[in-house]
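Read off the chains here:
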Amino acid sequence: AKDAGRGTWRAYGREMDQRLHERLRREEELRVAIAEQQLEVHYQPRYLSQSMQIIGAEALVRWHHPTQGMLLPEQFIPLAEEAGLIIPLGRWVLHQACQQAASWPVEMTVSVNLSPLQLHDDRLLDEIARALRENGLPGERLELEVTESALLQETQSTLDALKRIKALGVHLAVDDFGTGYSSLTNLRHYPFDVIKIDNSFVAGIEQSTEDHSIVRALIELGRGLQMRVTAEGVETEEQLRLLTDDGCTEVQGFHMSLPMPAEELRRLLARPTDI
Ligand code: C2E
Ligand code: CA
Ligand code: CA
Ligand code: CA
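Nothing here was measured: the structure is a model prediction, and the numbers come from that model. (Residues numbered from 1 in each chain as written. Chains lettered and ligands numbered in written order. Predicted model: local features only at pLDDT ≥ 70, side-chain atom pairs only at ≥ 80, totals over all residues. Heavy atoms only, no water.)

What follows covers the overall build of the protein chain. When its secondary structure is counted, the protein chain shows 11 helices and 10 strands. What you see for the protein chain is a C-alpha radius of gyration of 21 Å, in line with the 19 Å of a compact globule of 275 residues. If one aligns the C-alpha atoms of the protein chain with their principal axes, the spans along those axes are about 70 × 45 × 45 Å. A fraction of 67% describes how many contacts in the protein chain between residues 6 or more apart in sequence connect residues 24 or more apart. (Helix = DSSP H or I, 4+ residues; strand = E, 2+ residues; numbered from the N terminus. Rg over C-alpha atoms; globule rule 2.2 N^0.38 Å. Contact = heavy atoms within 4.5 Å.)

In structure tokens, the structure reads:
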């Protein structure tokens with residue numbers, strides 16, 4: 001058993017100190033990472049389900065940590081959001097994605113994830129306009145993804161922000177759709193072009209008739225609202241077949257392609273299509 005009283009409290013205090021210290025260290029590391037280009041954007045292609053033609057790619061950020069190797073977004077995006085670093089990080093990703101998309105051998109869309117904090121940043125609109133202008137990328141070739149859960153807060157200012165972005169010709173996608181419990185009747189007031197069905201539903205469509213029904217309903221909803229529908233997290237041939245049969249026109253997932261470095265995507269796009 002442990003000592004009661006002061007000893008325990010002191011140990012607890014030390015642990016807190018350590019945790020706070022660790023967090024501040026991590027924050028400083030991330031600041032350096034953004035400034036010194038330790039971040040890299042990977043791209044995961046999106047396909048037309050019928051023809052398997054690549055019609056776009058989603059930008060997904062990675063961090064090449066000096067000692068810990070490649071870190072995935074879930075290991076640093078939450079910290080970036082808490083520390084206010086998501087603004088410079090998001091700006092860097094946006095510029096990087098527009099620059100790379102402008103150099104692709106095919107004129108297709110690049111999708112960039114927006115944190116809710118970016119959506120409420122006054123400078124976002126200027127940043128988007130600048131990223132497009134500096135890289136000569138037409139607005140229609142940029143798609144911004146906003147999670148469904150981000151739509152729940154501050155509805156009016158979110159709606160205003162989305163409409164201003166849309167006025168630049170940029171496409172808007174509602175990400176992780178089905179997980180955010182947003183009111184379906186609200187969706188029609190938002191200027192979205194695309195619904196992205198969350199991985200978690202796609203994962204269940206082979207085994208669970210409930211999940212399959214939800215996915216079918218989401219596809220129908222998208223169709224009814226005249227939005228494109230992308231299913232994400234497609235991992236098997238059978239999932240691809242079911243989704244295609246259900247009328248889902250666009251797919252993304254490990255079954256077709258993993259996220260890859262920009263160079264690799266460029267090679268993939270430059271390759272003559274097989275006959
Ligand atoms: P997301 O927007 O839902 O992106 C899709 C995630 O699913 C990616 O994870 C991708 O690698 C993964 N994925 C793709 N295909 C499959 C599949 O077949 N099966 C499974 N199980 N997963 C698949 P990743 O790259 O780790 O990104 C995680 C999340 O981090 C993203 O989820 C997005 O919300 C966030 N994120 C990534 N890059 C950025 C960024 O630049 N800015 C912001 N704000 N968030 C980002
Ligand atoms: Ca996304
Ligand atoms: Ca998603
Ligand atoms: Ca997801």
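We now examine the side chain of T109. Considering the arrangement of structural elements, one finds T109 in strand β4 (residues 109-114). When near neighbours in sequence (up to four residues on either side) are disregarded, T109 contacts R46, I55, G56, A57, W104, E140, R141, L142 and E143.

Taken together, E58 (OE), N113 (OD1), E145 (OE) and D175 (OD) make up the protein donors of the calcium ion (ligand 2), found 2.1 to 2.3 Å from the metal. Linear spacing of the donor residues for the calcium ion (ligand 2) on their chain is E-x54-N-x31-E-x29-D. The exposure class assigned to E145 is buried, which follows from its relative accessible area of 1%. (Donors = N, O, S within 2.8 Å, 3.2 Å for Na, K, Ca; no water. Buried < 20%, exposed > 50% of the residue type's maximum accessible area, 1.4 Å probe, protein only.)

Right, let's get into the packing of aromatic side chains. If you walk through the whole model with that rule in mind, you get three aromatic pairs. An angle of 85° between the planes, with centres 5.8 Å apart, marks the rings of Y43 and W104 as edge-to-face. Pair noted here: Y43 is in strand β1 (residues 39-48) and W104 is in the loop between α3 (86-102) and β4, with a separation of 61 residues, a long-range link. Under the relative-accessibility criterion, Y43 is labelled buried at 0%. Residue classification places W104 among the buried positions, given a relative accessible area of 7%. Residues W63 and F76 carry aromatic rings whose centres are separated by 5.6 Å and whose planes lie at 85° to one another, so their mutual orientation is edge-to-face. One end of the pair, W63, is in strand β2 (residues 54-65); the other, F76, is in the loop between β3 (69-71) and α2 (77-82), and 13 residues separate them in sequence. Judged by its relative accessible area of 0%, F76 is buried. (Phe/Tyr/Trp six-rings, centres within 6.5 Å; stacked < 30°, edge-to-face > 60°.)

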